[in-house]
Amino acid sequence: MVLVTGVSRYIGGVLARRLAADPGVDKVIGVDVIPPPRDLGGAEFVRADIRNPMIGKVIAQGDVDTVVHANVIATPTFAGGRTPQKEINVIGTMQLLAACQKASTVKRLVVKSTAAVYGSTPRDPAMFTEEMTAKRLPSSGFGKDSIEVEGYVRGFARRRPDAEILTLRFANIIGPRIRTSITDYFNLPVIPIPFGYDARLQFFHEDDAIAALVRGVTGSTTGVVNLAGDGVLTVVQAAAIARRPFVMVPMAAAGPLGGLGKRFGLVDFSPDQMSFLAFGRGMDTTVMRTTFGFNPTFSTRAAFEDFARTVTPVVPSFDAVTGAVGGLAGVAQQVLGRATGGRL
């Protein structure tokens, strides 16, 4: 019996449906606070909040032996704001793991984590291996939450040494159907890029992400595994593939630009995410191929190109593009003016 959290979002919902169709899986229970917008196939949906201790009853009554925690939310917009995002990510994980600890039937835990735990700084190694830690810990948002989540998972491992635990650290998941902060970013009419930088990015296709999670559930690998497609793209290369113009902005403009994007519902980026767009990040995927035995179908470029097919060209909205460029330039000018005391 497998329990999957976060089935109202794309990855969790498709994963539950895929597992339910797997002949090696007896039954699948999908939980979330709202009904999923898409069909879960043979999976059973239970409306439950992982922040509530009642999740323990769902696990106990369902005789669950495998739990997939796919309910760590990356973008505050999708959770209704930063406060509920943190509550779901951190408090929800604490309650879920407490329930797993009490349930003697639970023998395996698979956690959907993120490469954001490594942070992004100019002092980073070319490629992070699973044993490495961030040079500077993320100070806000999804990255900070994910570090706390992984900390609680390690605590659970100490309290339940009999349980098999697998933590999958995904590069930015991208594709034609999933919506994330990075897809919102490359859907902007004009891409703001930190001035003087062109970061290296890795991507993982949504189809590969679901296949990797299925393998994590049905396999026996434990520990931590980095997952990313072959190769890298720079931000400028990605903008060109997405057919988007870009404008260079000073790093100091990240805050005002993030606030502007959030106010208009365009994109929601934290300062840590802007650091990622400046310094990038690379993960070594040797363990993914050898120990975990997984080979992605899509490279980083192929995954991004598949997403880029869904990006609407900006040519028909030339006025909107020029207006956006002017707005971004105005914000950058104001920031630089404050930084230099008006001497530009």
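The numbers attached to residues start from 1 for each chain and follow its sequence in the written order. Since the coordinates come from a predicted model, pLDDT governs what is reported: local features require at least 70, and pairs of side-chain atoms require 80 or more to be given and counted, while whole-chain, interface and lining totals use all residues. Neither water nor hydrogens contribute to the side-chain values; these are computed over all heavy atoms in the structure.

Draft legend 1. Spotlight on the overall build of the chain. When its secondary structure is counted, the chain shows 13 helices and 13 strands. Within the span of the chain, comprising 344 residues, buried residues form 53% of the whole. The contact definition used throughout considers only heavy atoms, calling two residues in contact when any of these lie within 4.5 Å. Within the chain, contacts between residues separated by at least 24 positions form 80% of all contacts whose residues are at least 6 apart in sequence. Reported accessibility uses the Shrake-Rupley method at a 1.4 Å probe radius. Residues are deemed covered only where the shown protein chains occlude them. Total accessible area on the chain is roughly 14,700 Å²; 56% of this is exposed by carbon and sulfur atoms. Under the scheme used here, helices are H or I runs from DSSP no shorter than 4 residues and strands are E runs no shorter than 2 residues, and both carry numbers assigned from the N terminus. We call a residue buried when its accessible area falls under 20% of the maximum for its residue type, exposed when it is over 50%, and partly exposed in between, using a 1.4 Å probe and counting protein chains only.

Draft legend 2. Expanded view of unusual backbone geometry. Phi at Asp63 is positive, roughly 55 degrees, even though this residue is not glycine. Its location among the elements puts Asp63 in the loop between α2 (55-61) and β4 (66-69).

Draft legend 3. Seen up close, the environment of Val7. Within the fold, Val7 resides in the loop between β1 (2-5) and α1 (10-20). Sequence separation between Val7 and Pro37 is 30 residues, and the spatial gap between their C-alpha atoms is 9.1 Å. In contact with Val7, not counting residues within four places along its chain, are Gly12, Gly13, Ala16, Gly30, Val31, Asp32, Pro36, Leu40 and Phe45.

Draft legend 4. Here's a closer look at the pattern of salt bridges. Between Lys or Arg on one side and Asp or Glu on the other, a salt bridge is scored when a side-chain nitrogen of the former is within 4 Å of a carboxyl oxygen of the latter. Per the counting criterion, the structure on display carries 13 salt bridges. Between Glu150 and Arg169 there is a salt bridge; the shortest N-O distance is 2.6 Å. Here Arg169 lies in strand β6 (residues 164-170) and Glu150 lies in helix α5 (residues 141-159), a separation of 19 residues in the sequence. For the pair Glu150 and Arg169, a shared accessibility class is recorded, and that class is buried.

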